[in-house]
Amino acid sequence: MIRVSTSWMYQQALGSMLSQQAAVADTQNQVSSGQRINLASDDPNGAAEVVSLNHVLANNTQYTSNINNANARLSTESSTLDSFNSLLNQARSMAIQGINGTLSSSDRQDMATQLVQIRAQLVQLANTSDANGNALFAGTSTTTTPFVLNNDGSVTYNGNGSNQMVSIGSGLTLPDSDNGAALFMNIPQGNGSFAASAAAGNTGTLLVGANSVTNATQWAAATASGPVNYTISFDAAGNWTATDAGGNTVATGAYQDGGSISFNGMSIALSGTPNAGDTVSVQSGQTQNVFSTLTNMINALNGTGTSNTQLSNTLSQQMASLDQAQNQISATQTDVGGRLNRLTQQQTAYSGLTLTYQTVLSGVQDTDMASAISQLELQTTALQASQQVFAKVQGMSLFNYIQ
């Protein structure tokens, strides 16, 4: 016969009720919080999966935020470049007007004044900032004012040549803007391959027209050892001689008004009558910023001793530089459009992935309310029954039966 002490019986009953109370409290917590796993001990494997899923969702949220910021910056850049290009179109129209017609002194001054205003507007656009006040075209020096217009009409670039990159996914980055050095400053002169310009001291009426590379193989051979620097000289008989920087003769020929000079894979259209000693320079590998292009036009228009021939040659040469600037802007706009499309694709992908991961997380972490509530009712009923039984048992005694 086993003796059961009153103390042991109380301890057993109390331990059982406390265990039942803990189970009820745990289930109540699951129902009230809506989460099945509140502590790692609730489900170690599930808790580890929850941590992993939350980490993935946090990354997706950060990538989505980066995409939204990049979208805003690139959209601002695109609209800014549209405005920039419109101003260059106005400057180009003025150059054509100056080349094709004879301008009076007042016409030149009016045109120069307009170009001064356009240049100021271009500098302002080049200093555009995003919604957070960061410069778009300063490279990674986003807190500086990238372009400064000096008193002499020159423009100083204070940014750098690096593009600001943004992370839009694991191992995926793209530029959310373009640096001003490549976009506005380092633009190839002339037609992009070389620049042909009449000397300022020419006394004839020689005009330099359209020019281009017509034979890529010959041009590649001519520039294989470095940029070219030719001087085309005219004599009294109408003959021309092209020499290199060392004074060596490269090519010769007879000049024809309205014709072209061709050698080493390039062709230069010429018109008018050159005087003996007039020259045309041909250089490759040179760059010119877009602001200097306008400054050169302004200075030519303001020059009191500038002849119509000299003005036409200057404006023609600067118009070629404007074309190169617009080509650079157009190429950048195309690239910006591609980046915006890529951001849209990534954003769509993350929206789908986020929904998928949230669904998986809910399945792992969230409480099954119907099951939990049923379990809570059973646990509560069992606890109440245990309490009632203990209340009756503790009151039982042999003395009750002796009576």
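It should be emphasised that the depicted structure is a prediction, and the values quoted were computed from it without experimental measurement. (Residues numbered from 1 in each chain as written. Predicted model: local features only at pLDDT ≥ 70, side-chain atom pairs only at ≥ 80, totals over all residues. Heavy atoms only, no water.)

1. Comments concerning the overall build of the protein
For the protein, the helix and strand inventory stands at nine helices and 12 strands. Looking at the protein as a whole, 37% of its 403 residues are labelled buried. For the protein, long-range pairs separated by at least 24 residues make up 68% of all intrachain contacts whose partners lie at least 6 apart in sequence. Split by element, the accessible area of the protein, about 21,000 Å² in all, is 50% carbon and sulfur. (Helix = DSSP H or I, 4+ residues; strand = E, 2+ residues; numbered from the N terminus. Buried < 20%, exposed > 50% of the residue type's maximum accessible area, 1.4 Å probe, protein only. Contact = heavy atoms within 4.5 Å. Areas by Shrake-Rupley, 256 points an atom, 1.4 Å probe, with all protein chains shown as cover.)

2. Topic: the sheet that holds strand S6 (residues 207-213)
One open sheet holds the three strands; their spatial order is S6-S11-S10, and the pairing between them is antiparallel. Two strands lie at the open edges of the sheet, namely S6 and strand S10 (260-263), each paired on one side alone. Averaged over neighbouring strand pairs, the angle between their axes works out to 20° when direction is ignored. With four bridges joining them, S10 and strand S11 (residues 266-271) adopt antiparallel strand pairing. (Pairing = 2+ DSSP bridges. Axes fitted to C-alpha atoms, helices over the stretch in contact; angles between N-to-C directions.)

3. Things to note about the sheet that holds strand S5 (residues 194-198)
Taken in spatial order, the five strands line up as S5-S12-S7-S8-S9 in an open sheet, and their pairing is antiparallel. Of all strands in the sheet, those with a lone pairing partner are S5 and strand S9 (249-254), marking the two edges. Going from strand to strand, the sheet's axes swing by 15° on average, the running direction of each strand aside.

4. Some details on the pattern of salt bridges
Applying the stated criterion across every chain, the model contains five salt bridges. With a closest N to O distance of 3.2 Å, aspartate 176 and arginine 73 form a salt bridge. With aspartate 176 in the loop between strand S4 (172-175) and helix H4 (180-185) and arginine 73 in helix H2 (residues 44-100), this pair connects stretches of sequence that are 103 residues apart. Each member of the pair, aspartate 176 as well as arginine 73, is classed as buried. Close ionic contact of arginine 92 with aspartate 323 constitutes a salt bridge, the shortest N to O distance being 2.6 Å. (Salt bridge = Lys/Arg side-chain N within 4 Å of Asp/Glu carboxyl O.)

5. Topic: the side chain of serine 316
Counting through the fold element by element, serine 316 comes out in helix H7 (residues 308-365). Overall, the relative accessible area of 19% leaves serine 316 in the buried class. Those residues in contact with serine 316 that sit more than four places away from it in its chain are Ile99 and Val208.

6. Digging into the environment of threonine 309
Inspection of the secondary structure assignment puts threonine 309 in helix H7. By relative accessible area, threonine 309 is classed as buried at 19%. Separated by 105 residues in sequence, threonine 309 and glycine 204 place their C-alpha atoms 8.3 Å apart. Excluding its chain neighbours within four sequence positions, the residues that come into contact with threonine 309 are Gly204, Thr205, Leu206 and Leu207.

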